[in-house]
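Descriptive structure summary
In case you want the letters, here they are:
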Amino acid sequence: MSDKIRLVYYGNETLKTVAKDITNITQSTIDLIDEMYSVMYKYSGIGLAAPQVDIPERMLVIDIAEYGGPKSVIINPKIKEFSDAKAPYEEGCLSLPGLSAEIIRPTEILVNGITPDGKEVEIEASGLYARVLQHEIDHLDGKVFIDHLEDYIRNEFRPQLKKIKKLNKK
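Residues numbered from 1 in each chain as written. Predicted model: local features only at pLDDT ≥ 70, side-chain atom pairs only at ≥ 80, totals over all residues. Heavy atoms only, no water.

**Side note on the pairing of strand 7 (residues 120–126)**
Examined bridge by bridge, strand 6 (residues 108–114) and strand 7 share 7 bridges and lie antiparallel to one another. What sits directly across from Gly113, in strand 7, is Val121. As consecutive antiparallel partners, strand 6 and strand 7 are separated by 5 residues, and within that stretch Gly118 has a phi angle of approximately 85°, a positive value. (Pairing = 2+ DSSP bridges. Helix = DSSP H or I, 4+ residues; strand = E, 2+ residues; numbered from the N terminus.)

What follows is the structure, given as structure tokens:
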């Protein structure tokens, strides 16, 4: 794995920033995709957004092949439609190691974006794929999964969040 990028943790400013659209897909964009997959696999993740490696750009990688879903890269993803149907699911996050909570999200979404070869794509996602897309797109909008929790639940995580913030200094 390259030393160029590293996972950042809760408390890092990039995770709170709305990421910028990628206007030009360059070789460094393509290289970043490979590096993001390396980081994601190193930490046994199934999705990773560029802000999680301290890059405030709108790009995400997903690999849910072992769950029967796709492996995909989406640049500048935007959710166009949400289903009315919602479901709870226990979510975790590489940038919040050791934490998980039940998050209620729409079960189906419609996402537009761009593939690494510059083609526009429209994705109808359901189940785990819809869940992971929403989670990663939240990162692009400066949110983490615990932002969906009620304050009283999030407050219970305060001791762990303090420890996680310290991981950024290593």
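**A few points about the pattern of salt bridges**
All told, the structure shown has 9 salt bridges when counted by the stated rule. A salt bridge links Asp141 to Arg58, with the nearest nitrogen and oxygen atoms 3.0 Å apart. In this pair, Asp141 sits in the loop between helix 2 (127–140) and helix 3 (151–156) while Arg58 sits in the loop between strand 1 (47–49) and strand 2 (59–63), placing the two residues 83 residues apart along the sequence. Judged by relative accessible area, which is 32%, Asp141 ranks as partly exposed. The exposure class assigned to Arg58 is buried, which follows from its relative accessible area of 8%. Here Arg131 makes a salt bridge to Glu91, at a shortest N to O gap of 2.8 Å. (Salt bridge = Lys/Arg side-chain N within 4 Å of Asp/Glu carboxyl O. Buried < 20%, exposed > 50% of the residue type's maximum accessible area, 1.4 Å probe, protein only.)

**Observations regarding a positive patch on the surface**
Taken together, the side chains of Arg158, Lys162, Lys163, Lys165, Lys166 and Lys169 present a region of like positive charge at the surface. Relative to the assigned elements, Lys163 resides in helix 4 (residues 158–166). For Lys163, a relative accessible area of 62% translates into the label exposed. (Patch = residues over 30% accessible without salt bridge, like charges linked within 9 Å, V, L, I, M, F, W, Y side chains within 5 Å. Areas by Shrake-Rupley, 256 points an atom, 1.4 Å probe, with all protein chains shown as cover. Lys, Arg positive; Asp, Glu negative; His and termini not counted. Charge placed at Lys NZ, Arg CZ, Asp CG, Glu CD.)

**Here's the deal with the layout of surface pockets**
As a volume, the largest pocket reaches approximately 280 Å³. For the largest pocket, the lining is made up of 18 residues, of which Ile46, Gly92, Cys93, Val132 and His135 are closest to its centre. Of all the elements in the fold, those that place two or more residues in the lining of the largest pocket are strand 4 (86–92) and helix 2. The residue inventory of the lining of the largest pocket, partitioned by class, reads 7 nonpolar, 7 polar and 4 charged. (1 Å grid on protein atoms, 1.4 Å probe; cavity = no way out; pocket = protein on both sides within 12 Å on 5 of 7 lines; lining within 4 Å. Points joined across faces, edges and corners; volume = space filled by probe spheres on them. Nonpolar A, V, L, I, M, F, W, Y, C, P; charged D, E, K, R; others polar.)

**Digging into the side chain of Asp63**
Considering the arrangement of structural elements, one finds Asp63 in strand 2. Put simply, Asp63 is tucked away with no salt bridge, and the nearest opposite charge, on Lys71, sits 4.6 Å away. Side-chain polar atoms of Asp63 contact the side chain of Tyr41, separated by 2.5 Å. Separated by 3.0 Å, the side chain of Asp63 and the backbone nitrogen of Ala65 make a polar contact. Excluding anything up to four places from it in sequence, Asp63 contacts Tyr37, Met40, Tyr41, Ile46, Pro70 and Lys71. (Polar contact = N/O pair within 3.5 Å; in protein donor to acceptor, adjacent residues only side chain to side chain. Contact = heavy atoms within 4.5 Å.)

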